[in-house]
Amino acid sequence: MNMPATKMDIETAAPVSAAAPVVAMTPKRPPRSEAYARMAKETAVRVIPPIVVIALLMLVWELVCRRAGSALPPPSKVFKDTKELIVDPFFDHGGIDKGLFWHLSASLQRVAFGYSLSAIAGIALGVLVGQSVWAMRGLDPLFQVLRTIPPLAWLPLSLAAFRDGQPSAIFVIFITSIWPIIINTAVGIRNIPQDYRNVAAVVQLNPLEFFAKIMIPAAAPYIFTGLRIGIGLSWLAIIAAEMLIGGVGIGFFIWDAWNSSHISEIILALFYVGIIGFVLDRMIAGLGKIVTRGTAQG
Amino acid sequence: MTAYLKLDHIDKVFTRGVATTEVLKDINLTIEKGEYVSIIGHSGCGKSTLLNIIAGLTTATTGGVLLENREVNSPGPDRAVVFQNHSLLPWLTVYENVRLGVDKVFARTKTRAEREAWVMHNLNLVQMAHARDKRPSEISGGMKQRVGIARALAMEPKVLLLDEPFGALDALTRAHLQDSVMALHQKLGNTILMITHDVDEAVLLSDRIVMMTNGPSARIGEVLEVPLVRPRKRLELATNATYLKCRQRVLEFLYERHRFVEAA
């Protein structure tokens, strides 16, 4: 099928190429400076597009919101209004009048606590469901229903149970982030190749050794997928939960700014929330990369 | 003949719902200590199922496996397996893969230093000591299989079970590894049971070749003695009359009397 087509191509192309001017060949080994130039070019290719897009968006934002009577402030005003908060994130005037650092760190502490609990419980339950057919039959339908409940729907119930904002917020993070961890761990455990189980059987590993030496490393890529989704969800949940429970925390900072009509502060807080969410995601992904270094199929 | 490993009237029936398939029918075989026995047959005849039964990874429906007159029906390091696709754990180094078995088998009988030395000794036997800190993804297919052999040998098995150990390798690597296994068998005197579908490999390596009929209900069709003296040299055997006769017998069995018919 291809043969006649290529032949025709050659025939039709021949007269053209004969008329084309001779092009000088590039040298076989480009000098070092050229290698650097190429590296710089590759970096520029990655960095310049987002910068251009951001600059354009800022410009549009500035133009749209600059008009008098605009509901939202333009970027220049946001920067002017929040300069103090940006420059000094560490002030503490007592109560909830603190710098952004303290709000963010309070939120992060809640996330760290709730997320750690859900990571431990989630992996344990995931192993149980992945390993035992009966546990899966019993628990999986329950998980499938519970995981669809929105995070904030848990808040009133946990406030009723704990009678305090702090443990309630932690519980909301826990219950939000545990489902993807359970489900992904279970899938990872179920997908352990039979070969590895055979090796463990021949060597006669006991259940505890099997868990530590085969199960966890073999399922690690799946577990980290769950952990990564989980950290994203807990960061989503904490902002919403803090808006309702009050106190120190970036969620309530946003709500408080809205109540005081400090729209610029809301925008600054959103910027920080986005950056921290991104960093948390990268951290778990990076940790996963280190831990699962050897598990790629070889 | 002293029975070291004895397969006694093994039947294996797979049941899925109401459908049952008889895979193996009345398998009887005795293997002497130090013997090298190959099981050959077309794919799907249940060779691997038989090996899994001996290894204890599957149970026979009826009948059983006797090792030194004791019934074995669960997996253990006394019947170490070299798996077809090496089955090294990718997150462990070459050394750690071998060490995993050694630590379990010699937990009480060897000190830590002795176990370390024993792992290295076995890696040396398969000429893989140089790659001790490499991960399986960093070494070639033949090297992985060498490590798989070292891992099995290091457990000091009574019977070494090889499940098509060279099947996934290219011809040159395969020949090289076959020579290594022959040398190891010569040196250590292991009892070896090998599953294969390669006629030359079976004749070259084995003392006896067990030929299986096609499944379902595969039986042992014929057992052929290979009366070639050891050590055997691949090149010299190429023109050896006995070798050619044995090869002929196996080929006749596989391609004339028990031709592989694709399931219609």
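This text follows the structure it describes.
Just so you know, these numbers come straight off a predicted model, no measurement behind them. (Residues numbered from 1 in each chain as written. Chains lettered and ligands numbered in written order. Predicted model: local features only at pLDDT ≥ 70, side-chain atom pairs only at ≥ 80, totals over all residues. Heavy atoms only, no water.)

Is there a simple way to explain the sheet that holds strand 4 (residues 62-67) of chain B in this structure?
Adjacent strands of a sheet form backbone hydrogen bonds with each other and so pair up, either parallel or antiparallel. Residue and element names in this part refer to chain B. Read from one edge of the open sheet, 4 strands run 2-1-4-5, paired in antiparallel fashion. Two strands in the sheet have a free side with no partner beyond their single neighbour: strand 2 (19-31) and strand 5 (70-72). Averaged over all neighbouring strand pairs, the angle between strand axes comes to 35 degrees, with direction disregarded. Bridge count for strand 1 (residues 5-16) against strand 4 is 5 bridges, and the pairing is antiparallel. Of the residues in strand 4, the one forming a bridge with Lys-6 is Leu-66. (Pairing = 2+ DSSP bridges. Helix = DSSP H or I, 4+ residues; strand = E, 2+ residues; numbered from the N terminus. Axes fitted to C-alpha atoms, helices over the stretch in contact; angles between N-to-C directions.)

Please explain the nonpolar core as it appears in this structure.
The nonpolar side chains of soluble globular proteins are, as a tendency, buried together. Counting residues in each nonpolar core, the largest one holds 129 residues, and the members touching the most others are Leu7(B), Leu123(B), Ile209(B) and Val250(B). Per-element tally for this core: the top contributor is helix 9 (residues 207-245) of chain A, with 12 residues. The next biggest cluster of nonpolar side chains, apart from the first, holds 13 residues, and it includes Val129(A), Phe143(A), Phe174(A) and Ala241(A). (Core = buried A, V, L, I, M, F, W, Y, C linked by side-chain atoms within 4.5 Å. Buried < 20%, exposed > 50% of the residue type's maximum accessible area, 1.4 Å probe, protein only.)

How do you make sense of the pattern of salt bridges when you look at a structure like this?
Where charged atoms from two side chains of opposite charge approach closely, those side chains can pair. All names here are of chain B. Tallied over the entire structure, the rule returns 20 salt bridges over all chains. Residue Arg-79 is joined to Asp-78 by a salt bridge in which the shortest nitrogen-to-oxygen separation is 3.3 Å. For Arg-79, a relative accessible area of 2% translates into the label buried. In this structure, Arg-230 and Asp-207 form a salt bridge, with 3.0 Å as the shortest nitrogen-oxygen distance. Taken as a pair, Arg-230 in the loop between strand 10 (220-225) and helix 7 (234-237) and Asp-207 in the loop between helix 6 (199-205) and strand 9 (208-212) lie far apart in primary sequence, 23 residues in all. For Asp-207, a relative accessible area of 19% corresponds to the buried category. In this structure, a network of salt bridges that share partners links the residues Arg-99, Asp-103, Arg-115 and Glu-116. (Salt bridge = Lys/Arg side-chain N within 4 Å of Asp/Glu carboxyl O.)

What am I meant to see in the side chain of Thr82(A) here?
Residues and elements named next belong to chain A. Residue position: Thr-82 is located in helix 3 (residues 75-87). Reaching out from Thr-82, the side chain makes a polar contact with the backbone oxygen of Val-78 at a distance of 2.7 Å. If sequence neighbours within four positions are ignored, Thr-82 has contacts with Ser-264, Glu-265 and Leu-268. (Polar contact = N/O pair within 3.5 Å; in protein donor to acceptor, adjacent residues only side chain to side chain. Contact = heavy atoms within 4.5 Å.)

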